[in-house]
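If you want the building blocks of each chain, they are given just below.
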Amino acid sequence: MASAIRAITSLQSSLLAKLPNPLPLRPIPNPRETIPSFLSRMAAMNGVCSTDFAVDMGFSLRKIIHLEQDALDRLAECGGLTGPQLAELVSWTGRRVGDVRMTFRDEVFGTRSLRKPTIRGCPICLREDMEANLGQPLTKMTMRGHWQVRACSLCVDHQHSLVPLWEYNRPEERYDLSSRFEDIKDTVLAGELEQPRTTPSAYDIWLDTRLATGADETWLAGQSLDAATKFCTLLGAELLRLEDTSDLGEEAQLRRGQALGFNATRFGEDKIREALDALVSLASGHNDEPQKAFGKLYVELTQFYLAKEDFAPFRKIMRDCILDHWPIAPGETVLGYFQPTRKLHSVGTAAREAKIGPALLEQFLVDAGAITADDQRPVSRKTFDAVAYADLLAEVPTLVGPARMQHEMGATRMQFKSLAEDGVIKPRIQVATINFPWRISDGLALVEELLGIAQPVAPTNAKWEGIHQAKKRTGLRVGKIIEALRNGGLQLGHYSNIDGYAGFCVLKAEINSMRPPKLKVADHGLITAYTFGRSVGIRASGWFKKLAAEGHTPETLTPHPKGGPDQSYLSPDDITQFHKRFMTPATMEQKFGQHRKILLGKLRAAGVETFAPNGEDYGPVYLRNEVEAVLE
């Protein structure tokens, strides 16, 4: 057997030695032609099939398919190919550079991007090839290299889709082109494979140009062509979900998606982010995760392309998008990137960390401007900047109610209420429904501040009185007294037998000096608040005093004749100022000549409510400008 093989090899070598190099009958390489195509055309010129011709030339079809160098060298000799011609043919064929990678047109592609059992092509290109030599069509029928690229779906020259020509699993059958072209030549010539023309998209022209010349004026010039085409296709397929494509067939949807993906990618990261942000709107549900928004694009980038370096720029853009829309916890890995710190919180994640209810926390977040009151997203998707509001989240669980504040400060209920009413101590949040709005640190800081300026006072010293007692006796606001203490206008003492705020005291004489000078009521045309209330139809006691105490309208205070708290009166100017700003149902009747029920009904219909800043109730008092805007 061995001797027989040696004999055959010797005979073959002697025959090859007699063949002229190059062969007289040989083709000139066509643009974009592949190595198997060139071999097929040369075989047809010499009257044999590709398989037999390869054997006759001293190599096998398998070796030429795999671009083994000795086979390529022999093909170049037989075909009279120059070095540049052979390199061009190889570049349009694709050469393995590992188990799953190939070089093609100076780019690195995944093998599956170029090698599939189904061979596609443009039937018009092949028909025109045949028409150039109908007597020997196989000498002209050329396989173009770009037809192998899975991301390519159109012949730009003829505006025709690439259609399946044949399918074989074995490469030796698949790339025996002379046999395969023989099988389909009649069908091609009859135009049976041809379909309606399709206008090339910007994606088609970009891909065709980059394959042909390497030129690329888009942001994708800096990216791997294989990664760029796959990303465009995957992104575009998801962007189709934002359109109505029910009237498009499968191939039309593919091409529309490629065009959308390319248009969203060609200008760079900002436009890609816009497209990804638009997809986020498709995942607005309570449990919707990134895969719901980005579909197969997310799956591919997190699985098949997670470790591929040429996809790293695209993974980073999507990762940044995810971090801007989902509350990713520190320590998690997103698309291969470790997240060391939290960027976003949702109301839900923040509430769990703070160990409070999401509804309560949301009120604090709205008050702080972290989210808006009209945000309708579910709590799991209602996000905010975790870093900017970290202090708030740390503080909310430490807030307390008034009883705890009073205890920590050493104040009575009425003492603390006076401090709060005058804004000496302010709640962390001005929302009436929140029962625990106070910072203990604020109360302790006030006590510490006052202790720093206080002097010891014996509990039996009658010249002094507690701050709250001074308020009750003279009607002076606690806020005004504290302000005078801070400015050095009053001396501050602290009873030695009382701890905390309740032990602070002031000199009665100094407090008396802060009272306004005594006025004679009759000499100034003053009336009592009660009398004025009756004149504007309000009989409830205390309403005007409360309104004036908060600074919403002026009043005139006069000393009590027996040393009690100052009494509240209204001067003619006080009355004028009240009417300039406010109206009551009685004054509305006088001005507009209709019954108050009719007038109040109109105000309710227009959404006008009584004057009640911060939830304070001052009775049936309305802002004049709001009333007149509706009733005049």
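Residues numbered from 1 in each chain as written. Predicted model: local features only at pLDDT ≥ 70, side-chain atom pairs only at ≥ 80, totals over all residues. Heavy atoms only, no water.

A. Local environment of the overall build of the protein chain. Helix and strand content of the protein chain: 31 helices and 20 strands. Here the C-alpha radius of gyration of the protein chain, 45 Å, is well above what a compact globule of 632 residues would show, namely 26 Å. Taken over the C-alpha atoms alone, the protein chain extends approximately 140 × 65 × 35 Å along its principal axes. Out of the 632 residues in the protein chain, the part that is buried amounts to 47%. Restricting to contacts in the protein chain with at least 6 residues of sequence separation, those with at least 24 account for 63%. (Helix = DSSP H or I, 4+ residues; strand = E, 2+ residues; numbered from the N terminus. Rg over C-alpha atoms; globule rule 2.2 N^0.38 Å. Buried < 20%, exposed > 50% of the residue type's maximum accessible area, 1.4 Å probe, protein only. Contact = heavy atoms within 4.5 Å.)

B. Up close: helix α20 (residues 413-421). All buried positions along α20 are accounted for by Q415, F416, S418 and L419. Angular distribution of buried residues about the axis of α20 spans 155 degrees; they occupy a single face of the element. Elements that come into contact with the buried residues of α20 comprise α19 (402-409), α21 (440-451), α22 (467-474) and α23 (478-487). Positioned one or two residues after α20, G423 has a phi angle of 75 degrees, which is positive. (Arc of directions from axis to C-beta.)

C. Local environment of the sheet that holds strand β17 (residues 556-558). Spatially, 3 strands are ordered β16-β18-β17 in an open sheet, and the strand pairing comes out antiparallel. The sheet is open, and its two edges are formed by β16 (527-528) and β17, each paired on a single side. Sitting on the sheet, helix α28 (residues 572-581) touches β16, β17 and β18 (567-570), and the angle it makes with β18 is about 75 degrees. (Pairing = 2+ DSSP bridges. Axes fitted to C-alpha atoms, helices over the stretch in contact; angles between N-to-C directions.)

D. Region of interest: the environment of I453. Its place among the elements puts I453 in the loop between α21 and β12 (454-457). Remark: the alpha-carbon pair of I453 and L138, spanning 315 residues in sequence, is separated by 108 Å. Those residues within four positions of I453 in sequence are excluded, and the remaining contacts are L485 and L492.

E. Focus on the sheet that holds strand β14 (residues 492-495). The sheet built from 4 strands is open, its strands ordered β12-β14-β15-β13 with mixed pairing. This sheet does not close on itself; its edge strands, each paired only once, are β12 and β13 (464-466). With strand direction ignored, the average angle separating the axes of adjacent strands in the sheet is 45 degrees. Across 3 bridges, β13 lies against strand β15 (residues 504-507) in antiparallel orientation. Bridge pairing links W464 to L507 in β15. In the packing of α21 onto the sheet, the strands contacted are β12, β14 and β15, and the crossing angle to β15 comes to about 45 degrees.

F. Region of interest: the packing of helix α7 (residues 123-131) against helix α9 (residues 177-189). Remark: α7 packs on α9, axes separated minimally by 10 Å, with the N-to-C direction vectors making an angle of 95 degrees. Between α7 and α9, the angle is such that the two are roughly perpendicular. On the side of α7, the interface is formed by P123, L126, R127, M130 and E131, while α9 contributes F181, I184, K185, V188 and L189. Of the residues belonging to the contact of α7 with α9, the class tally is 7 nonpolar, no polar and 3 charged. (Parallel < 35°, antiparallel > 145°, perpendicular 65-115°, else oblique. Nonpolar A, V, L, I, M, F, W, Y, C, P; charged D, E, K, R; others polar.)

G. Seen up close, the nonpolar core. Residues I64, L276 and F294 are the most contacted members of the largest nonpolar core, which totals 92 residues. The residues touching L276, leaving out its near neighbours within four places in the chain, are L235, F294, L297, I317, M318 and C321. Listed in part, the 28 residues of the second largest apolar core include A470, V478, I481 and A484. (Core = buried A, V, L, I, M, F, W, Y, C linked by side-chain atoms within 4.5 Å.)

H. Representation of the confidence of the model for the protein chain. Looking at the protein chain, pLDDT values average 90 and 94% of them are 70 or higher. With pLDDT under 50 throughout, residues 1-17 is counted as low confidence; its partners more than four residues away or in other chains account for 5 contacts. Scored below 50 in pLDDT, residues 519-523 makes 6 contacts in the model with residues more than four places away or belonging to other chains. (pLDDT = per-residue confidence, 0-100.)

I. Summary view of unusual backbone geometry. Residues other than glycine seldom take positive phi values, yet R32 does so here, at roughly 65 degrees. Positionally, R32 belongs in the loop between α1 (2-18) and α2 (35-45). Positive phi, close to 60 degrees, is recorded for D106, a residue that is not glycine. Along the chain, the position of D106 falls in the loop between β2 (101-104) and β3 (107-110). Note on D106: relative accessible area 82%, which makes it exposed.

J. Molecular detail of the side chain of S50. Note that S50 resides in helix α3 (residues 50-56). With residues up to four places along the chain from it excluded, the contact list for S50 reads L39, S40, A43, D176, L177 and S178.

K. Just the environment of A549, in detail. Within the element layout of this structure, A549 appears in helix α27 (residues 543-549). In this structure, the C-alpha to C-alpha distance between A549 and E421, residues 128 residues apart in sequence, is 9.8 Å. Contacts of A549, omitting those with residues within four sequence positions, involve R477 and E555.

L. Geometry of the packing of aromatic side chains. Within the structure shown, the criterion is met by 22 aromatic pairs. A centroid spacing of 5.8 Å and a plane angle of 45 degrees characterise the contact between Y203 and W206, whose relative ring orientation is tilted. Within this pair, Y203 and its partner W206 are both found in helix α10 (residues 202-213), separated by 3 residues, close to a single helical turn. Overall, Y203 belongs to the buried group, its relative accessible area being 0%. When the centroid spacing of 4.9 Å and the interplanar angle of 75 degrees are considered together, the rings of F416 and W438 count as edge-to-face. A residue pair is termed long-range when its members are at least 10 positions apart, and F416 in helix α20 and W438 in the loop between α20 and α21 qualify at 22 residues. Assessed through its relative accessible area of 4%, F416 is described here as buried. Every member of this aromatic cluster is reached through a ring pair, and the members are F532, W543, F544, F578, F582, F611 and Y618. One cation-aromatic arrangement involves K546 over Y618; the distance from NZ or CZ to the ring centre is 5.5 Å. (Phe/Tyr/Trp six-rings, centres within 6.5 Å; stacked < 30°, edge-to-face > 60°. Lys NZ or Arg CZ within 6 Å of the ring centre and 35° of its normal.)

M. Focus on the packing of α10 against helix α12 (residues 250-265). The N-to-C vectors of α10 and α12 enclose an angle of 75 degrees; their axes lie 8 Å apart at closest approach. On the basis of the axis angle, α10 is roughly perpendicular to α12. Of the residues in α12, those in contact with A202, Y203, D204 and W206 of α10 are R255, Q258, A259, F262 and N263. Here the contact of α10 with α12 is composed, by residue class, of 5 nonpolar, 2 polar and 2 charged.

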